[in-house]
Amino acid sequence: MADKLLEVKGVSKIFRVGGMLRGKKLVAVDNVSLSIDDDKPVILSIVGESGCGKSTLCKMILRLHNPDMGDIVLDGKSYADKKSYDPKQFKLDVQPIFQNPYESFSARKTVDTYLYNTALRLGIAKNRAEADKVVDEALKSVGMSLAVVKGKYATQFSGGELQRVSIARALITRPKLIIADEPVAAIDASMKMNIVNLFKELRDKYKISFIYITHDLSTAYYVSDYIATLYRGCLIEYGPAKQIMDNPAHPYTELLMSSVPRVGDKWEKEIAMPDMEGKEYAVEYCKFAPRCPYATDECRQKRPDATDMGNGRMVLCCHPLCQQTKEA
Ligand SMILES: Nc1ncnc2c1ncn2[C@@H]1O[C@H](COP(=O)(O)OP(=O)(O)O)[C@@H](O)[C@H]1O
Ligand SMILES: [Mg+2]
């Protein structure tokens, strides 16, 4: 048994934007490494502004994009080793949940069809009677039931209810890892906490790890065991959530912390995105230096190395704030 459930090892994704000839390379994910232990299920939140590479990273973990550099290892199996890839096993182990549940379910099929299909096609249930049981159980784990859901179409549910149905569908395969990309972004503010609380419950009850991708920092800080902050494709800070919240090491994390709004509010509007996106993605030195209040000449000369802060923490900064605090 591998001691890591997931290892993301120096992964990069480069897109060519604006045509083949005059186009530019956009490093959407830039040398990102992180991991999830096998023995203790966790909720790892990946946070950052819109466009920082969260979805691209999650698509690579879901095998929807191939990394251009680096490798991903799930349960000891490398994605680079195509021969050992078993698509069915992968679907059982890793389940996605997407932002807009109304897009996950067609308006023409009743939603229970999707749950039955997952149960029957992936061999969780051998026949309809078994599937009834599996589907009902999964729905009950999210506070619903087959009796309530059966025969209904997506539009007959609220966004929050329908997102719970998509979580139930994901649970049917008894996955080890659920990757939820902005699962509460399209959901009514009053239901957001309901969904993230459900992640906590399912982590404890079924020992499922979650990668929770969000730009809603307040829910991320509330629900996470670990937080990974992305900035322009780079993982700039990573570690146990509480330590990061109490004592951010990266100036960008500090900036985010100072602008955390109430649950449900979006913070993307409060931090202005300068109109230098392309340029900033391409800088050879620290990508945050142009916006950093503490930047020195050193920061404008070289890319910072990942600094191991101990206690499972990592920061990508020439002058980490915690260290500075200690020295002061
Ligand atoms: N298929 C693609 N082709 C070209 N550029 C892309 C593609 N997907 C994403 N990008 C770009 O990569 C960057 C990161 O995008 P994305 O991962 O969707 O960010 P996030 O999910 O954090 O909002 C953005 O600048 C986006 O425009
Ligand atoms: Mg996204």
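This text gives an overview of the structure that appears in the document.

Cut-offs and rules
- Numbers given to residues run from 1 along each chain, matching the order in which its sequence is written.
- Throughout, the order in which chains and ligands are written sets their labels, letters from A for the former and numbers from 1 for the latter.
- Totals for whole chains, interfaces and linings use all residues, but because this is a predicted model, local features are given only for residues with pLDDT of at least 70 and pairs of side-chain atoms are given and counted only at 80 or more.
- Values shown for side chains rest on all heavy atoms present in the structure; no hydrogens or waters enter the calculation.
- Secondary structure elements follow DSSP: runs of H or I of four or more residues count as helices, runs of E of two or more count as strands, with numbering from the N terminus.
- Two things to know: the radius of gyration comes from C-alpha atoms, and the globule rule equals 2.2 Å times the number of residues to the power 0.38.
- Working definition: with a 1.4 Å probe on protein chains only, accessible area under 20% of the residue-type maximum means buried, over 50% means exposed, and in between means partly exposed.
- Residue contacts follow a heavy-atom distance rule, with two residues in contact if any of their heavy atoms lie within 4.5 Å.
- A helix's residues, less one, multiplied by 1.5 Å, set its expected span.
- Two rings from Phe, Tyr or Trp (for Trp, the six-membered ring) form a pair when their centres sit within 6.5 Å of each other. Planes less than 30 degrees apart are called stacked, planes more than 60 degrees apart edge-to-face, and all others tilted.
- Lysine and arginine charges are scored as sitting over a ring when NZ or CZ, respectively, is within 6 Å of the ring centre and within 35 degrees of the ring normal.
- We define proximity as follows: a residue is near a molecule or strand when any one of its heavy atoms falls within 4 Å of that partner.
- Identification of polar contacts relies on pairs of N or O atoms within 3.5 Å, with a donor-acceptor requirement for protein atoms, meaning one able to donate a hydrogen and the other able to accept it, and with residues adjacent in sequence counted only if both atoms are side-chain atoms.
- Shrake-Rupley sampling with a 1.4 Å probe provides the accessible areas, and residues are treated as covered by the protein chains on show and by no other component.
- If DSSP finds at least two bridges between two strands, the strands pair.
- Note on method: axes are straight lines fitted to C-alpha atoms, helices fitted across the in-contact stretch only, with angles between N-to-C directions ranging 0 to 180 degrees.
- Oblique is the label for every angle not falling under 35 degrees (roughly parallel), over 145 degrees (roughly antiparallel), or within 65 to 115 degrees (roughly perpendicular).
- Note: crossing handedness is left-handed where the near helix turns anticlockwise from the far helix by less than a right angle, and right-handed where it turns clockwise.
- Note on residue categories: nonpolar means Ala, Val, Leu, Ile, Met, Phe, Trp, Tyr, Cys or Pro, charged means Asp, Glu, Lys or Arg, and polar means any other residue, Gly included.

### Here's the deal with the overall build of the chain
Of regular secondary structure, the chain possesses 13 helices and twelve strands. Computed over its C-alpha atoms, the radius of gyration of the chain comes to 21 Å, within 12% of the 20 Å expected for a compact globule of 328 residues. Along the first, second and third principal axes, the C-alpha atoms of the chain reach 70 × 45 × 45 Å. Here the chain, with 328 residues, has 52% of them falling under the buried criterion. Look at the contacts in the chain between residues 6 or more apart in sequence, and 66% of them connect residues 24 or more apart.

### Structural notes on helix α7 (residues 159-171)
Across its 13 residues, α7 extends 18 Å between first and last C-alpha, which sits within 8% of the 18 Å expected from 1.5 Å per residue. Most of α7 sits out of view: twelve of its 13 residues are buried. Those residues of α7 that sit buried are Gly159, Gly160, Leu162, Gln163, Arg164, Val165, Ser166, Ile167, Ala168, Arg169, Ala170 and Leu171.

### Focus: the packing of aromatic side chains
Counted according to the given criterion, the structure contains nine aromatic pairs. When the centroid spacing of 6.0 Å and the interplanar angle of 75° are considered together, the rings of tyrosine 85 and phenylalanine 90 count as edge-to-face. Among the residues examined, tyrosine 85 registers a relative accessible area of 33% and is labelled partly exposed. Ring geometry for phenylalanine 199 and phenylalanine 210: centres 4.6 Å apart, planes at 25°, overall stacked. Residue phenylalanine 199 is found in helix α8 (residues 189-206), and its partner phenylalanine 210 is found in strand β8 (residues 209-214); the two are separated by eleven residues along the sequence. In this pair, the class of phenylalanine 199 matches that of phenylalanine 210, namely buried. A network of ring pairs unites the aromatic residues Tyr79, Tyr85 and Phe90 as a single cluster. Sitting over the ring of tyrosine 79, arginine 63 keeps its end group 4.0 Å from the ring centre.

### What to know about the site of ligand 1
Close to ligand 1 lie 14 residues; Gly51, Gly53, Lys54, Ser55 and Thr56 are nearest. At 3.1 Å from an oxygen atom of ligand 1 is found a main-chain nitrogen or oxygen belonging to glycine 53. Residue threonine 56 places a side-chain N or O atom 2.5 Å away from an oxygen atom belonging to ligand 1. Starting from 560 Å² of accessible surface for ligand 1 in isolation, the protein chains cover 66%. Elements that contribute at least two residues to the shell around ligand 1 include exactly β1 (4-17), β2 (24-37), α1 (54-61) and α12 (277-282).

### Notes on the environment of glycine 239
Within the fold, glycine 239 resides in strand β10 (residues 234-240). Separated by 14 residues in sequence, glycine 239 and aspartate 225 place their C-alpha atoms 8.5 Å apart. Look past the residues within four positions of glycine 239 in its chain and what remains in contact with it is Asp225, Tyr226, Ile227, Ile244, Gly312 and Arg313.

### What to know about the sheet that holds β2
Spatially, the four strands line up as an open sheet ordered β2-β1-β4-β5, and their pairing is antiparallel. Across the chains shown, the open sheet's two edge strands, defined by having one partner strand only, are β2 and β5 (77-78). As paired elements, β1 and strand β4 (residues 69-74) share five bridges and run antiparallel to each other. Directly across from leucine 6, in β4, lies its bridge partner leucine 74.

### Quick notes on the packing of helix α4 (residues 111-121) against α7
Interhelical geometry of α4 versus α7 gives an angle of 15° and a closest axis separation of 9 Å. The pairing of α4 with α7 is recorded here as roughly parallel in orientation. Of the two possible hands of crossing, α4 and α7 adopt the one that is right-handed. Counting all contacts with α4, which are made through Val111, Tyr114, Leu115 and Thr118, the residues of α7 involved are Leu162, Val165, Ala168 and Arg169. Residues of the contact of α4 with α7, tallied by class, amount to six nonpolar, one polar and one charged.

### Describing unusual backbone geometry
Glycine aside, the phi torsion of most residues is negative, and most peptide linkages are trans. Backbone geometry at asparagine 31 places phi at a positive 55°, although glycine is not the residue there. Structurally, asparagine 31 is set in strand β2. Phi is positive for arginine 63, which is not a glycine, with a value near 65°. Relative to the assigned elements, arginine 63 resides in the loop between α1 and β4. In this structure arginine 63 comes out as partly exposed when scored by relative accessible area, which is 22%.

### What to know about the sheet that holds strand β7 (residues 177-181)
In space, the eight strands of this open sheet follow the order β6-β7-β8-β3-β9-β10-β12-β11, with mixed pairing throughout. Strands with a single pairing partner mark the edges of an open sheet, and in this sheet they are β6 (94-97) and β11 (306-310). Between one strand axis and the next, the sheet turns by 20° as a mean value, whatever way the strands run. Pairing of strand β3 (residues 43-47) with strand β9 (residues 226-231) involves four bridges; the strand directions are parallel. Of the residues in β9, the one forming a bridge with valine 47 is threonine 229.

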